[in-house]
Amino acid sequence: MMGAWGRFVHAHRLLVMACVLALAAVSVVVMVRGGTLSDTPDLTFESIAGADLLDDSFPAPSVVTLVFSNSNLMASDQRFVADMNTAVATLRTDHRVAMVVLPGDDPKTAAAMTSRDGHAAIVHVTLREGWTDARKDFAELRSEVASTELTVEATGTAAIQSAFDHYSQSDLQRAEFVALPAVLLLLLLVFGSVMSAFLCLVIGALAIVVGLAGVFGLSHFTSVSTYAINIVTLIGLGVAIDYSLFITSRFREELHGGASVGDALETTMATAGRAIVFSGLTVTVGLSGMLVFQGSFLVSLGIASSVVVMASVLFAVTFLPATLSLLGHRVDALRIPLPSLGSRGNMWERMANAVMRRPWMFLLPAAAALLLAGYPFAHMELVSNSVGQLPATAEARIGFNKLASDFPRAGRSQIDVVVAAPAGSGVQPPDATALRARLAAMPHVIDVEARTATSPRPLTDLVVLTDLDFQSAEARTMIDTIRADDGVAAADVYVTGNAAIDLDFVAYIRDHMFLAAAIVISATLLLLFVLLRSVVLPFKAVLMNLLSVSAAYGALVWTIQDGHLSSLLSFEAAPIDPTLPAIMFCLIFGLSMDYEVFLLSRIQESYQETGDNRTAVAHGLAVSGKLITGAAGIMVVVFAAFALASEEVVIKAVGLGIATAVLVDATLVRAIVVPALMRLLGNANWWAPAWARRRA
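Heads up: these notes are all about the structure in this document. (Residues numbered from 1 in each chain as written. Predicted model: local features only at pLDDT ≥ 70, side-chain atom pairs only at ≥ 80, totals over all residues. Heavy atoms only, no water.)

## Things to note about the overall build of the chain
Logical step 1: Within the chain one finds 24 helices and eight strands.
Logical step 2: The C-alpha radius of gyration of the chain comes to 29 Å, within 12% of the 26 Å expected for a compact globule of 696 residues.
Logical step 3: Expressed as lengths along the three principal axes of its C-alpha atoms, the size of the chain is roughly 90 × 50 × 50 Å.
Logical step 4: Every one of the 696 residues in the chain was classed for burial, and the buried ones make up 57%. (Helix = DSSP H or I, 4+ residues; strand = E, 2+ residues; numbered from the N terminus. Rg over C-alpha atoms; globule rule 2.2 N^0.38 Å. Buried < 20%, exposed > 50% of the residue type's maximum accessible area, 1.4 Å probe, protein only.)

Written out as structure tokens, the structure is:
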């Protein structure tokens, strides 16, 4: 079927190019229109339900908190107060600002708005608009605040989200600046031709355009993560360029073997084109694992990533072969004189034969190295900390940390225990006096305040103030203890607050990871069975991928959590965000299949010709080893560029983890473990039921 498609593209190349370019043009329009990105969850567990009840009963406006400080002046000093008043004067007249509250405006809150050492004070700026508009307008509002004597940091939800927007954009620009020249250099080394290298970059650019159009188009119908743009660009650069590398290389190989342009294109699409279609499907299957996490931003990441992968496949099997058909032998135009490899040209074949002569000698150390690389994964600690994903130099994070460390009631765990009357049961808030007394008697509790509401649902909110950090293990233990309490008779009790939401979200991710992994693995096995017509090879491929995932998790814990290489990568050691393992599993499981599918497809071709497993493995590695090295090099460069250039910890961690997985996958796994296992399994590699042996 793919061979027939190659003949069709060759015969109607101008029509194919016109149709695909029309799609690209529409995508540009959608991309330029843009959209609003956010990470707003739509989850239903206890803490979220409790938070929703509080929002309905006690609607809270968007508040920006300004932290003013001066190590040489006390907050009570007239110079300090005068300069602080002058700094916020413009905000008082801004139509978007409802109220500006200074420490001196209310004696009851003055102490809480002054730091412990007396050298800092906070100002609360209440906005008229919701947090989405506040996030958009924050940069302009922040520019209205200026002080001659005081240091000012702005924090709060709008400030933090605006900071994420800023760093996401700047990280992307820096990473592209680093990655694109390095990728171009690698393509020139692989092809030795400017034209071939340029074609691969064009396919990457087109795929990214369609992917970004998908991101912004989707944002008009549902919440799409702010990380989507970075992830789409990451995947588009890596996958699309790899696919075009495989297609272009096979086309050149056929031309150099004496085939006509039409025959070369037909063979290319029947082999490399078929492998790419299956590879795209396996990558998409991997990414679809994120759809399991309904209500979280992972769903939008899964959809956006799938769009850019399918766009990569689309352009690789339409626009690229149509262009190759037009160029013909001119695909080698603008050649670069590169030194000949000489006798090293069969390095991959010699390596495969060496491994297959003594498979156990190579397999055992390689397997031990892979298991050792994944060992740190055993002590992974998951904690959700949105502001902690910002760089340490971000103003919103500095302000947040100052609040937590310097102000009496800020940064501590405020646990809300919402006691609500069952729906339709009455109009009076439940009596929570006994529960309030039990909560007040708990260790680490400073005070328990109570507030009531009669609509839209009668409830009592017990605000438990503690001396614990909301991210601490003690705070999470306290939440579990409160939830184990008998509560209030004839009432629904919800425990919420930052610590409770964090605890529930981590549990939600853990509970859904097994299902996501099961779906991804099962679908991958089925696709590989259809491609390879083998029962054994799909299971071997999945095992190899799991080893790569384990190594990536180990690298993630060793660096991000344990703090190794923190100075080189410019971050502070911290527990792992709970979404990272899910994102990385789905991405790595899909992306690692690129090389597995391409390598096994070439081995399968040789096996069908020779019927000899050992010869097929050696020949498959000989003809694809250089390409796999080049493709892996491109992927590693792209993801490493994001790891080095990004200041947001999530993108840095994703780049680091996937670069590690691809590097391990293309070296230890593909060069040693795969040929060793295939040698030990022999012809059993290709066993399948009789009904499945017919060629696809």
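## Observations concerning the packing of helix 10 (residues 228–256) against helix 12 (residues 298–317)
Logical step 1: Look at helix 10 against helix 12: their axes get within 9 Å of each other, and the N-to-C directions meet at 25°. Looking at the two axes, helix 10 sits roughly parallel to helix 12. Crossing geometry of helix 10 relative to helix 12 is assigned as right-handed. Facing Ala228, Ile231, Val232, Ile235, Gly236, Val239, Ala240, Tyr243 and Ile247 of helix 10, the residues of helix 12 in contact are Leu301, Ala304, Ser305, Val308, Val309, Ser312, Val313 and Ala316.
Logical step 2: The class makeup of the residues in the contact of helix 10 with helix 12 is 14 nonpolar, three polar and no charged. (Axes fitted to C-alpha atoms, helices over the stretch in contact; angles between N-to-C directions. Parallel < 35°, antiparallel > 145°, perpendicular 65-115°, else oblique. Left-handed = near helix turned anticlockwise from the far one by under 90°. Contact = heavy atoms within 4.5 Å. Nonpolar A, V, L, I, M, F, W, Y, C, P; charged D, E, K, R; others polar.)

## Concerning the pairing of strand 6 (residues 445–453)
Logical step 1: Two elements, strand 6 and strand 7 (residues 459–469), share eight bridges in a ladder whose sense is antiparallel. Across the sheet, residue alanine 450 finds its bridge partner in strand 7, namely leucine 462.
Logical step 2: Between strand 6 and the antiparallel strand that follows it, strand 7, lie five residues. (Pairing = 2+ DSSP bridges.)

## Side note on the nonpolar core
Logical step 1: Ranked by size, the top nonpolar core spans 202 residues in total, and within it Leu66 and Phe68 carry the most contacts.
Logical step 2: Among the elements that take part in this core, helix 24 (residues 649–681) stands out by supplying 20 residues, more than any other.
Logical step 3: Leave out the neighbours within four places in its chain, and leucine 66 touches Val88, Leu91, Ala121, Ile122, Val123, Val125, Val145, Glu153 and Ala154.
Logical step 4: In this structure, Leu439, Met442, Val464 and Ile479 belong to the second largest nonpolar core, which totals 23 residues. (Core = buried A, V, L, I, M, F, W, Y, C linked by side-chain atoms within 4.5 Å.)

## Remarks on the packing of helix 11 (residues 261–288) against helix 12
Logical step 1: Contact geometry of helix 11 with helix 12 gives a least axis separation of 9 Å together with a crossing angle of 175°. Classified by the interaxial angle, the pair formed by helix 11 and helix 12 is roughly antiparallel. Judged by residue contacts, Met269, Gly273, Ile276, Val277, Gly280, Val283, Thr284 and Leu287 of helix 11 engage Gly302, Ser305, Ser306, Val309, Met310, Val313 and Val317 from helix 12.
Logical step 2: Looking at side-chain class alone, the contact of helix 11 with helix 12 contains nine nonpolar, six polar and no charged residues.

## Description of the sheet that holds strand 3 (residues 120–127)
Logical step 1: Taken in spatial order, the four strands line up as 2-3-1-4 in an open sheet, and their pairing is antiparallel. This sheet does not close on itself; its edge strands, each paired only once, are strand 2 (97–101) and strand 4 (151–155). Neighbour-to-neighbour, the strand axes of this sheet turn through a mean angle of 20°, independent of strand direction.
Logical step 2: Pairing of strand 1 (residues 63–69) with strand 4 involves five bridges; the strand directions are antiparallel. Paired with threonine 65 across the two strands is threonine 155, which belongs to strand 4.
Logical step 3: Together, strand 1, strand 3 and strand 4 form the strand contacts of helix 16 (residues 395–406), whose direction differs from that of strand 4 by roughly 95°.

## Brief notes about a nonpolar patch on the surface
Logical step 1: Together, Trp558, Leu565, Leu568 and Leu644 make up an exposed nonpolar region whose accessible area comes to about 420 Å².
Logical step 2: Checked against the element boundaries, leucine 644 lands in helix 23 (residues 613–645). (Patch = residues over 30% accessible without salt bridge, like charges linked within 9 Å, V, L, I, M, F, W, Y side chains within 5 Å. Areas by Shrake-Rupley, 256 points an atom, 1.4 Å probe, with all protein chains shown as cover. Salt bridge = Lys/Arg side-chain N within 4 Å of Asp/Glu carboxyl O.)

## Looking at helix 2 (residues 13–33)
Logical step 1: Compared with the 30 Å implied by 1.5 Å per residue over 21 residues, the 31 Å span of helix 2 between its first and last C-alpha is a close match.
Logical step 2: Residues of helix 2 that are buried: Val16, Met17, Val20, Ala24 and Ser27. Angularly, the buried residues of helix 2 cover 90° about the axis, an arc narrow enough to put them on a single face. For helix 2, exposure combined with an orientation more than 90 degrees from the buried face picks out Leu14, Leu15, Val26, Val29, Val32 and Arg33. (Expected span 1.5 Å × (residues − 1). Arc of directions from axis to C-beta.)

## Regarding empty space enclosed by the protein
Logical step 1: Summed over the entire model, instances satisfying the criterion amount to two cavities of 30 Å³ or more.
Logical step 2: Here the largest cavity is characterised by a volume of approximately 70 Å³.
Logical step 3: Looking at the largest cavity, the residues that line it are Val64, Leu66, Leu91, Val97, Val125, Leu127, Phe138, Leu141, Arg142, Val145 and Ala154.
Logical step 4: Looking at the lining of the largest cavity, the elements that each hand over two or more residues are strand 1, strand 3 and helix 7 (131–143).
Logical step 5: In terms of residue count, helix 7 provides more of the lining of the largest cavity than any other element does, three residues in total.
Logical step 6: Taken together, the residues that form the lining of the largest cavity break down as 10 nonpolar, no polar and one charged.
Logical step 7: Reported here for the second largest cavity is a volume of approximately 30 Å³.
Logical step 8: Contributing to the lining of the second largest cavity are Arg250, Thr271, Ala272, Ala275, Phe598, Ser601, Arg602 and Glu605.
Logical step 9: Listed by contribution, the elements that provide at least two residues to the lining of the second largest cavity are helix 11 and helix 22 (579–610). (1 Å grid on protein atoms, 1.4 Å probe; cavity = no way out; pocket = protein on both sides within 12 Å on 5 of 7 lines; lining within 4 Å. Points joined across faces, edges and corners; volume = space filled by probe spheres on them.)

None of this, on its own, says anything about what the molecule does.
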